[in-house]
Amino acid sequence: DSMQKELADLALKGQEEEEKRNMRTGKIEAALKKIDELYRQRQYDKARAEIETVYAINPSNVRAQDYEMDILNDLNRKEEARRVFEQRTNRGMAWKREEEAKERVINERRSTLRKGAVMLYRSFLKNMWSEGTPKAEDEALLGAVRASLCINENDHEVMERSICSEIYTEAVRHMLEADGFTSEPLETTEALRNQLGITLELHTRIVENLTGRREGSER
């Protein structure tokens, strides 16, 4: 399935990007530590070379920019400091915008796929519950589908409760319509309540909602 493949690809890409970010962070921290040592030793040329290493990874790094300004000011190169500050700031802001745009595109695609996967899984889950309580083999199949669509256990539980409520509501609505809304179908729905895990409190809310809607439509 193309959706499953793209979800898996996005998950892998996200993992790879996280690993790259961690590596970049490690390299930047090591370079900044070296810059600090060189700056204290007044080895400005070597320090600026390390600053370029940081900029190559992250052109918007504020600490690298601060060190560069300190060096230029120490050397009494005020005009160059002003010019470099402006250049670095503009370049850093442009880089951040590009990175944010890339991240936005990925997140939008991930969100679209996520919604599609949730809708697909919910439909599959509802069809299964509509045929009765899922058996052990059904649960195993659901687990495999969740894994392929990147649906976590918490989302599954939320959807399952919602689906059971929907199925029960529909069943109660049919009973009330057949009965002409003259009685409360508590005893006749006991088995279904137990099957779907519907509490008496939820049953009462569902009946009140259905009968209230009925009364409202008759006014």
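For the structure itself, consult the block above.
The structure reproduced in this document is the subject of the present report. (Residues numbered from 1 in each chain as written. Predicted model: local features only at pLDDT ≥ 70, side-chain atom pairs only at ≥ 80, totals over all residues. Heavy atoms only, no water.)

### What about the overall build of the chain?
1) Next: Counting its regular elements, the chain contains 8 helices and 0 strands.
2) Next: Taken from N to C terminus, the helices and strands of the chain fall in the order α-α-α-α-α-α-α-α.
3) Next: A globule of 219 residues ought to have a C-alpha radius of gyration of about 17 Å, yet the chain, at 31 Å, is considerably larger.
4) Next: Along the three orthogonal principal directions, the C-alpha set of the chain runs to about 95 × 45 × 30 Å.
5) Next: Out of the 219 residues belonging to the chain, those deemed buried represent 28%.
6) Next: In the structure as shown, the chain presents an accessible area of about 14,300 Å², 51% of it carried by carbon and sulfur atoms. (Helix = DSSP H or I, 4+ residues; strand = E, 2+ residues; numbered from the N terminus. Rg over C-alpha atoms; globule rule 2.2 N^0.38 Å. Buried < 20%, exposed > 50% of the residue type's maximum accessible area, 1.4 Å probe, protein only. Areas by Shrake-Rupley, 256 points an atom, 1.4 Å probe, with all protein chains shown as cover.)

### Some thoughts on the packing of aromatic side chains
1) Next: Enumeration according to the criterion identifies 2 aromatic pairs in this entry.
2) Next: Ring geometry for Tyr 39 and Tyr 44: centres 5.9 Å apart, planes at 35°, overall tilted.
3) Next: Through a chain of ring-to-ring contacts, the aromatic side chains of Tyr 39, Tyr 44 and Tyr 67 assemble into a single cluster. (Phe/Tyr/Trp six-rings, centres within 6.5 Å; stacked < 30°, edge-to-face > 60°.)

### Focus on the environment of Arg 82
1) Next: For Arg 82, the location among the structural elements is in helix H4 (residues 78–130).
2) Next: A relative accessible area of 45% means that Arg 82 is categorised as partly exposed.

### Quick notes on the nonpolar core
1) Next: Residues Tyr 121, Leu 125, Trp 129, Leu 149 and Leu 196 are the most contacted members of the largest nonpolar core, which totals 25 residues.
2) Next: Counting only elements with at least two residues in this core, the list comes to helix H1 (2–40), H4, helix H5 (136–149), helix H6 (153–179) and helix H8 (200–218).
3) Next: The element contributing the most residues to this core is H6, with 7 residues.
4) Next: If near-sequence neighbours (up to four positions away) are discounted, Leu 125 is found in contact with Leu 142, His 156, Met 159, Glu 160 and Ile 163.
5) Next: Listed in part, the 13 residues of the second largest apolar core include Ala 31, Ile 51, Val 54 and Ala 64. (Core = buried A, V, L, I, M, F, W, Y, C linked by side-chain atoms within 4.5 Å. Contact = heavy atoms within 4.5 Å.)

### Side note on H5
1) Next: End to end, H5 covers 20 Å across 14 residues, agreeing with the expected 20 Å (1.5 Å per residue, within 8%).
2) Next: Those residues of H5 that fall on the buried side of the exposure criterion are Leu 142, Val 145, Arg 146 and Leu 149. Angular distribution of buried residues about the axis of H5 spans 100°; they occupy a single face of the element. In H5, those exposed residues whose orientation departs by more than 90 degrees from the buried face are Ala 136, Glu 137, Ala 140 and Ala 147.
3) Next: Looking one or two places after H5, you find Cys 150, whose phi comes out positive at around 60°. (Expected span 1.5 Å × (residues − 1). Arc of directions from axis to C-beta.)

### Re the pattern of salt bridges
1) Next: For the coordinates displayed, the defined rule picks out 20 salt bridges.
2) Next: When the shortest N-O distance is used, the salt bridge between Arg 82 and Glu 79 registers 2.6 Å. Pair noted here: Arg 82 and Glu 79 are both in helix H4, with a separation of 3 residues, about one helical turn.
3) Next: Here Glu 153 makes a salt bridge to Arg 146, at a shortest N to O gap of 3.4 Å.
4) Next: When its relative accessible area of 44% is taken as the criterion, Glu 153 is described as partly exposed.
5) Next: Residue class for Arg 146 comes out buried when judged on its relative accessible area of 11%.
6) Next: Through salt bridges with shared partners, a single ionic network connects Arg 48, Glu 52, Glu 68, Arg 77, Glu 80 and Arg 88. (Salt bridge = Lys/Arg side-chain N within 4 Å of Asp/Glu carboxyl O.)

### Regarding the packing of helix H3 (residues 62–74) against H4
1) Next: Contact geometry of H3 with H4 gives a least axis separation of 8 Å together with a crossing angle of 165°. Between H3 and H4, the angle falls in the class roughly antiparallel. As for how H3 packs across H4, the hand of that crossing is right-handed. Residues Gln 65, Glu 68, Met 69, Leu 72 and Asn 73 of H3 lie in contact with H4, whose contacting residues are Lys 78, Glu 80, Ala 81, Val 84, Phe 85, Arg 88 and Thr 89.
2) Next: Along the lines of polarity and charge, the residues of the contact of H3 with H4 split into 5 nonpolar, 3 polar and 4 charged. (Axes fitted to C-alpha atoms, helices over the stretch in contact; angles between N-to-C directions. Parallel < 35°, antiparallel > 145°, perpendicular 65-115°, else oblique. Left-handed = near helix turned anticlockwise from the far one by under 90°. Nonpolar A, V, L, I, M, F, W, Y, C, P; charged D, E, K, R; others polar.)

Note that every value here comes from positions in space, so none of it alone points to a role or purpose.
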